[in-house]
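Commentary on secondary and tertiary structure
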Amino acid sequence: MARGRRRAAPPKPRRNIALAKGYDTDLKLHIDGEWIGAEGRDTHKVVNPATGEVLGELPLANAADLDRALDAAARGFAIWRRASAEERGAVLSGAARLLRERADRIATIATLEEGKTLPEARGELMMAAGLFDFYAAEAKRAYGRVLVRPTGQLSRVMKEPVGPVAAFCPWNFPIGNPGRKLGAAIGAGCSIIVKPPEEAPGSAIEVLRCLLDAGLPKEVASMVFGVPDAVSRHLIASPVTRKVSFTGSIAVGKHLMRLAADGAKRTTMELGGHGPVLVFDDADLDRTLDMLVPHKFRNSGQVCVSPTRFYVQEGIYARFVKEFAARAATIRTGDGLDASVNMGPMANPRRPEAIEAFVADAVRTGARIAAGGERGGGSSDNGFFFRPTVLADVPLDARVMNEEPFGPIALMRPFRDFDEAIEQANRLPYGLAAYCFTENGRRALLLGDAIESGMVGINTVAIGGADSPFGGVKDSGHGSEDGPEGLEACMVIKTIHQA
Ligand code: NAD
């Protein structure tokens, strides 16, 4: 199937309606192999968050478009489930190579439409390429097992692709998130309809182009944009869809789970967090700050695993706050394309507005601003900038201590001992990522066990990797992406007993 397909041609420059320098993509729907423009459809304006400038007009799918995508997904599944693991692997590793070849262009598109700095966008692309390579190999290892039975009987446990997947991606990782969902489904032998974010669509379109140019049959992956609630209702209600994968807010995740329940459909839900950080007084403070400050302000804090609530042991609390705030104040904000900038704008105008309200509420309840605390720091008055912010002594009843802020804001509180630290870390219904810093090995062991979280970093902030499951517990969702678990999330088990 994949073999003998056309070889990838070097990407031709494509022109967009209102072309901003570097926004070299063509905003279209992809359904059943056809790239579909705006003719006769509603559109959405894609905006550069650093400048407020319109980058292009994105066509929005209508109901007939979605039905065509579902029809293609049904046919695509019939084709792709029969493809060998080698054929799937060849498409994924070919797409990984194309992603790397096109890295500069695609990363520039991501920075223009989402705001993150260019090195961050390149890093995100490299992670997506690494994940495609991982799934290319892992597709061959989706082994079942043979049960122990008497002579003359055979019982086989098989893993099979679940069927057509409907996947919904947020705007904060516009390359990596669609990459994650496409890679797992394609590796497992499923077809997929992806709805990337309307706010940052070009990156996802380019990821799909890499897969198609690497030989993915056209029916296997469609890409649609639209009114999110209308698209998800339509796709999830269809009997064609067998699995729903969503990354985004808890409220929307729970809504989609209810829709999926009507059709008893499998779900993978990655729903955000409120990352606790426990810093004990024996931590290597400089090393800890070197890791935590850039990790906090990566992508302007719009990261589901962002460290958010910093609980610091009493003896080092004052020094930790002072040094963290001093480092935050030196972060250079501005247009993500500017090589001297460390933190770009927030992705849309809703975010600085939300962070401003969180800060005002926290200050009202007794928090102290140690750094930032206001909008600004951007290269353009029309951009969506918020300064890197540190709030100290934040009361537990401040709204921001309970709701995911999703922004460049670090919240600090002192703690007395191990038990209090664990109680604080586990007090919210979130459970995605947690971080602990201590040089005491025994304590590190106990911390790893006691924290209610899908991922725990002990003396590190590196909690992901192509081979490592990514996902949360409690309200942060269920199911894993990445690693062998990500592939298995797109598979079902069948046991065949034979005598
Ligand atoms: P939102 O909840 O409106 O949207 C989040 C994402 O879900 C967007 O990409 C949106 O297009 C999509 N979405 C919304 N309603 C949908 C529906 N009915 N069907 C399918 N998709 C739908 O919030 P927002 O203002 O865009 O983002 C802010 C909040 O979202 C943050 O506070 C954060 O909690 C959450 N978020 C989480 C992640 C994550 O990685 N877990 C990523 C982005 C946003």
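If you're wondering where the values come from, they're calculated on a predicted model, not measured in any experiment. (Residues numbered from 1 in each chain as written. Predicted model: local features only at pLDDT ≥ 70, side-chain atom pairs only at ≥ 80, totals over all residues. Heavy atoms only, no water.)

Digging into the sheet that holds strand 14 (residues 368-371)
Spelled out, the test is: Following DSSP output, two strands are said to pair if at least two bridges run between them. Each helix corresponds to a stretch of at least 4 residues labelled H or I by DSSP, and each strand to a stretch of at least 2 residues labelled E; elements are numbered beginning at the N terminus. Lines are fitted to the C-alpha atoms to define the axes, a helix being fitted only along its stretch in contact, and any angle between axes, read from their N-to-C directions, falls within 0 to 180 degrees.
One open sheet accounts for 7 strands, arranged 14-15-16-13-12-17-18; its pairing is mixed. With one partner strand each, in any of the chains shown, strand 14 and strand 18 (455-458) form the two edges of the open sheet. Taking the axes of each pair of neighbouring strands and ignoring which way they run, one obtains an average angle of 25 degrees across the sheet. Where strand 14 lies against strand 15 (residues 389-392), 3 bridges are found, and the strand directions are antiparallel. For Ala371, the partnering residue across the bridge sits in strand 15 and is Val390.

Observations concerning the nonpolar core
Operational definition: Here, nonpolar core refers to any group of buried Ala, Val, Leu, Ile, Met, Phe, Trp, Tyr and Cys residues whose side-chain atoms link them within 4.5 Å. Burial classes: relative accessible area under 20% of the type maximum marks a residue as buried, over 50% as exposed, and values in between as partly exposed (1.4 Å probe, protein chains only). Should any heavy atoms of two residues lie within 4.5 Å, those residues are counted as being in contact.
Of all hydrophobic cores here, the largest spans 83 residues; its most connected members are Leu99, Phe168, Leu182, Leu211 and Leu216. Ranked by residue count, the leading element in this core is helix 4 (residues 118-138), at 9 residues. Leaving out residues up to four positions away in the same chain, Leu182 has contacts with Ile192, Val194, Val207, Leu211, Ala221 and Met223. Of all hydrophobic cores here, the second largest spans 37 residues; its members include Ile316, Phe324, Val390 and Ala433.

Some words on a negative patch on the surface
Short version of the rule: Residues with no salt bridge and a relative accessible area higher than 30% make up the patches, which join like charges within 9 Å and nonpolar side chains (Val, Leu, Ile, Met, Phe, Trp, Tyr) within 5 Å. Calculation of accessible area relied on Shrake-Rupley with a 1.4 Å probe; when residues are assessed, cover is drawn exclusively from the protein chains displayed. In what follows, salt bridge is the name for a side-chain nitrogen of Lys or Arg lying within 4 Å of a carboxyl oxygen of Asp or Glu. In this count, Lys and Arg are taken as positive residues and Asp and Glu as negative ones, while His and the chain termini are left out. For this purpose, a charge sits on NZ of Lys, CZ of Arg, CG of Asp or CD of Glu.
On the surface, a cluster of negative charge is made up of Glu314, Asp417, Asp419 and Glu423. Note that Asp419 resides in helix 12 (residues 418-425).

A word on the site of the ligand
Note the cut-off: Here a residue is considered near a molecule or strand provided that any single heavy atom belonging to it is located within 4 Å of it. The term polar contact refers here to a pair of N or O atoms within 3.5 Å; inside protein, the definition further demands a hydrogen-donor-capable atom paired with an acceptor-capable atom, and it admits residues adjacent in sequence only when both atoms are side-chain atoms. By the convention adopted, Pro, Cys, Tyr, Trp, Phe, Met, Ile, Leu, Val and Ala count as nonpolar, Lys, Arg, Asp and Glu as charged, and the other residues, Gly among them, as polar.
For the ligand, the set of nearby residues contains 23 residues, the closest of which are Trp171, Ser232, Ser249, Arg350 and Glu404. At a separation of 2.8 Å, an oxygen atom of the ligand approaches a polar side-chain atom of Trp171. A distance of 3.5 Å is found between an oxygen atom of the ligand and a side-chain nitrogen or oxygen belonging to Asn172. Against a free-state accessible area of 790 Å², the protein chains account for coverage of 85% of the ligand. Listing elements by their share of the shell around the ligand, those giving two or more residues are helix 7 (228-237), strand 10 (243-247), helix 8 (250-262) and helix 11 (350-365). Along the lines of polarity and charge, the residues of the shell around the ligand split into 10 nonpolar, 7 polar and 6 charged.

Here's the deal with the packing of helix 2 (residues 85-101) against helix 4
Basically, it comes down to this: An angle below 35 degrees is read as roughly parallel, one above 145 as roughly antiparallel, one from 65 to 115 as roughly perpendicular, and any other as oblique. Should the near helix be turned counterclockwise from the far one by less than a right angle, the crossing is left-handed, whereas a clockwise turn marks it as right-handed.
Where helix 2 meets helix 4, the closest approach of the two axes is 8 Å, and the angle between their N-to-C directions is 160 degrees. Of the possible angle classes, the one that applies to helix 2 and helix 4 is roughly antiparallel. For the element pair helix 2 and helix 4, the recorded crossing hand is left-handed. The residues of helix 4 that touch helix 2, namely those facing Gly89, Leu92, Ser93, Ala95, Ala96, Leu99 and Arg100, are Leu125, Met126, Ala128, Ala129, Gly130, Phe132, Asp133, Tyr135 and Ala136.

Brief notes about the environment of Ser379
Its place among the elements puts Ser379 in the loop between strand 14 and strand 15. The exposed category is assigned to Ser379, whose relative accessible area is 55%. With 82 residues separating them along the chain, Ser379 and Phe297 place their C-alpha atoms 18 Å apart. Non-local contacts of Ser379, meaning those with residues more than four positions away in its chain, are made with Gly334, Asp335 and Phe385.

Thoughts on the sheet that holds strand 6 (residues 154-161)
Adjacent strands of a sheet form backbone hydrogen bonds with each other and so pair up, either parallel or antiparallel. The 3 strands lie next to each other as 5-6-20, forming an open sheet whose pairing is antiparallel. On the outer flanks of this sheet lie strand 5 (145-146) and strand 20 (491-498), each paired with one strand and no other. Two strands pair when backbone bridges link them, and strand 5 and strand 6 are joined in this way by 2 bridges, in the antiparallel orientation. Its bridge partner being in strand 6, Arg145 is matched across the sheet by Val157.

Quick look at the pattern of salt bridges
If you walk through the whole model with that rule in mind, you get 37 salt bridges. Among the salt bridges present, the one from Glu198 reaches Lys195, with a minimum N-O distance of 3.0 Å. This pair shows no difference in class: Glu198 is buried, exactly as Lys195 is. One network of salt bridges, with partners in common, ties together Asp32, Asp71, Arg75, Lys218 and Glu219.

With respect to unusual backbone geometry
Despite not being glycine, Ala264 has its phi angle at roughly 50 degrees, a positive value. Inspection of the secondary structure assignment puts Ala264 in the loop between helix 8 and strand 11 (266-270). Look at Ala264 and you get exposed, because its relative accessible area is 63%.

Examining the confidence of the model for the protein
Operational definition: pLDDT gives the predictor's per-residue confidence on a scale running from 0 to 100.
Averaged over all residues, the pLDDT of the protein equals 95, while 96% of them reach at least 70. Note that residues 1-19 has pLDDT below 50 and, in this model, 43 contacts with residues that lie over four places away or in other chains.

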